[in-house]
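Report on the structure
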Amino acid sequence: MSSSDVASSGTEKRIVVLISGSGTNLQALIDACGTGSIPAAHIVLVFSNRKAAYGLERARNAQPPISTGYLALVTYLKANPGKTRIDYDIAVAKSVLEAKPDIVVLAGWMHILSAEFLEVLHEGSPRGRDLPILNLHPALPGAFDGANALGRAYNAFKAGEIKNTGVMVHRVVPEVDRGEPVVVREVEIKESDSLEDLEGRVHEIEHQIIVEATRQVLQQQSPAR
Ligand SMILES: Nc1nc2c(c(=O)[nH]1)N[C@@H](CN(C=O)c1ccc(C(=O)N[C@@H](CCC(=O)O)C(=O)O)cc1)CN2
Ligand SMILES: NCC(=O)N[C@@H]1O[C@H](COP(=O)([O-])[O-])[C@@H](O)[C@H]1O
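How each quantity is defined
- Residues numbered from 1 in each chain as written.
- Chains lettered and ligands numbered in written order.
- Predicted model: local features only at pLDDT ≥ 70, side-chain atom pairs only at ≥ 80, totals over all residues.
- Heavy atoms only, no water.
- Buried < 20%, exposed > 50% of the residue type's maximum accessible area, 1.4 Å probe, protein only.
- Helix = DSSP H or I, 4+ residues; strand = E, 2+ residues; numbered from the N terminus.
- Near = heavy atom within 4 Å.
- Polar contact = N/O pair within 3.5 Å; in protein donor to acceptor, adjacent residues only side chain to side chain.
- Areas by Shrake-Rupley, 256 points an atom, 1.4 Å probe, with all protein chains shown as cover.
- UniProt positions renumbered as here; feature names shortened; annotations may be inferred.
- Expected span 1.5 Å × (residues − 1).
- Core = buried A, V, L, I, M, F, W, Y, C linked by side-chain atoms within 4.5 Å.
- Contact = heavy atoms within 4.5 Å.
- Pairing = 2+ DSSP bridges.
- Axes fitted to C-alpha atoms, helices over the stretch in contact; angles between N-to-C directions.
- Parallel < 35°, antiparallel > 145°, perpendicular 65-115°, else oblique.
- Left-handed = near helix turned anticlockwise from the far one by under 90°.
- Nonpolar A, V, L, I, M, F, W, Y, C, P; charged D, E, K, R; others polar.

A word on helix α2 (residues 24-32)
Buried within α2 are the following residues: N25, L26, A28, L29, I30 and A32. Looking one or two residues past α2, G34 carries a phi angle of roughly 85°, positive in sign.

If you want it as structure tokens, here you go:
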């Protein structure tokens, strides 16, 4: 059975990816799907909170092209007076659910999601609370939660506070970057490193572990429904 037959037959796993920026991690997932790295799975939706996210272009340029969605928080709030950030999160969750995902991967998604987002996904998915929602974070568990983790790690290294840093893919819970780690890799910081040097080393590992974690979670999952 060809991969397209598999996809049309619905036996392939369905991946939804959320992005905010250049999408190099999304590209790693695009390149891995349908190969030995992530077999029998394809990305069915790339969703961004930023219209200009180049990752949307990557999705449109994929072969076959991948559906895209976009909704910015500010745009949503202006178009829906009286609605809140939580209403926005619920709207995003409903867009994600429409794609019937077997897994949701935050790959550089730069928006803190409310508990309501998770509730809507888990209540609306046939997989319920077993629907895996993963996030890529450029730090070791509990080290530098939140945005600009890499910059903070670099400054901490220069201040002699840490000797190395790392990258992880973890499950998403309401507490930012506090979900169960799925894959963790330590990353060396060299005395001679500029921040750009460190970023390059980290990004290379990110592209590996986002594929590894997605494959690992899908392999452990029951068949596609
Ligand atoms: N409930 C959760 N939501 C998100 C998680 C998570 O673990 N639980 N991970 C983040 C990804 N992330 C770090 O890995 C992260 C991204 C963005 C921010 C942040 O402070 N965002 C600001 C806006 C910043 C901006 O627009 O540039 C915000 O949301 O107000 C912190 C951590 C994704 N969501
Ligand atoms: N806290 C989340 C966070 O900082 N995520 C970071 O956003 C970048 C996305 O790059 P990409 O758009 O090229 O994949 C990645 O470096 C990832 O670690």
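Having seen it, we continue.
Re the site of ligand 1
Near ligand 1, the surroundings consist of 19 residues, among which R85, I112, L113, H137 and D177 are the closest. Contacts to ligand 1 include R85, whose side-chain N or O atom sits 2.7 Å from an oxygen atom. Side-chain polar atom of H137 to an oxygen atom of ligand 1: 2.8 Å apart, as the coordinates give it. Alone, ligand 1 offers 700 Å² of accessible surface; in the complex the protein occludes 78% of this. Looking at which element gives the most residues to the shell around ligand 1, the answer is strand β5 (residues 133-137), with three residues.

Some points on the UniProt feature "domain: Formyl transferase N-terminal" (unreviewed entry) in the chain
Those residues carrying the UniProt feature "domain: Formyl transferase N-terminal" (unreviewed entry) are residues 13-214 in this numbering. The span residues 13-214 shows a helical share of 39% and a strand share of 21%, and its end C-alpha atoms are spaced 11 Å apart.

A word on the site of ligand 2
Contacts to ligand 2 come from 13 residues, most closely from S22, G23, T24, N25 and E206. Between ligand 2 and S22, the relevant distance is 2.6 Å, taken from an oxygen atom to a side-chain nitrogen or oxygen of the residue. One of the side-chain N or O atoms of H137 is found 3.3 Å from a nitrogen atom in ligand 2. Contact with the protein chains hides 84% of the accessible area of ligand 2, taken as 450 Å² for the molecule alone. Among the secondary structure elements, those contributing two or more residues to the shell around ligand 2 are α2, β5 and α8 (195-219).

Focus: α8
Since one α-helical turn is 3.6 residues long, residues separated by three or four positions face the same way. The end-to-end C-alpha separation of α8 is 35 Å, in line with the 36 Å expected for 25 residues at 1.5 Å each. Within α8, burial applies to L198, V202, I205, E206, I209, I210, V211, A213, T214, V217 and L218.

Overview of the nonpolar core
Counting 41 residues, the largest nonpolar core has I15, I38 and I43 as the members making the most contacts within it. Considering every element that reaches this core, the biggest residue donor is α8, with nine residues. Discounting chain neighbours no more than four positions away, the residues touching I43 are I15, V17, L26, L29, I30, C33 and I66. Counting residues in hydrophobic clusters, the runner-up holds 23 residues, among them L45, A93, V104 and V120.

Some remarks on the sheet that holds strand β1 (residues 13-19)
Read from one edge of the open sheet, seven strands run β3-β2-β1-β4-β5-β6-β7, paired in mixed fashion. Pairing within the sheet leaves two strands with one partner each, and these edge strands are β3 (68-70) and β7 (181-188). Between one strand and the next, the sheet's axes are offset by a mean angle of 20°, whatever the strand orientation. Where β1 meets strand β4 (residues 103-106), four bridges bridge the pair, whose relative direction is parallel.

Details of the packing of helix α7 (residues 149-158) against α8
Two numbers describe how α7 lies on α8: the axes approach to 10 Å, and their chain directions differ by 125°. Between α7 and α8, the angle falls in the class oblique. α8 is crossed by α7, and the crossing has right-handed handedness. Contacts between α7 and α8 pair L150, G151 and Y154 from the former with L195, L198, E199 and V202 from the latter. The class makeup of the residues in the contact of α7 with α8 is five nonpolar, one polar and one charged.

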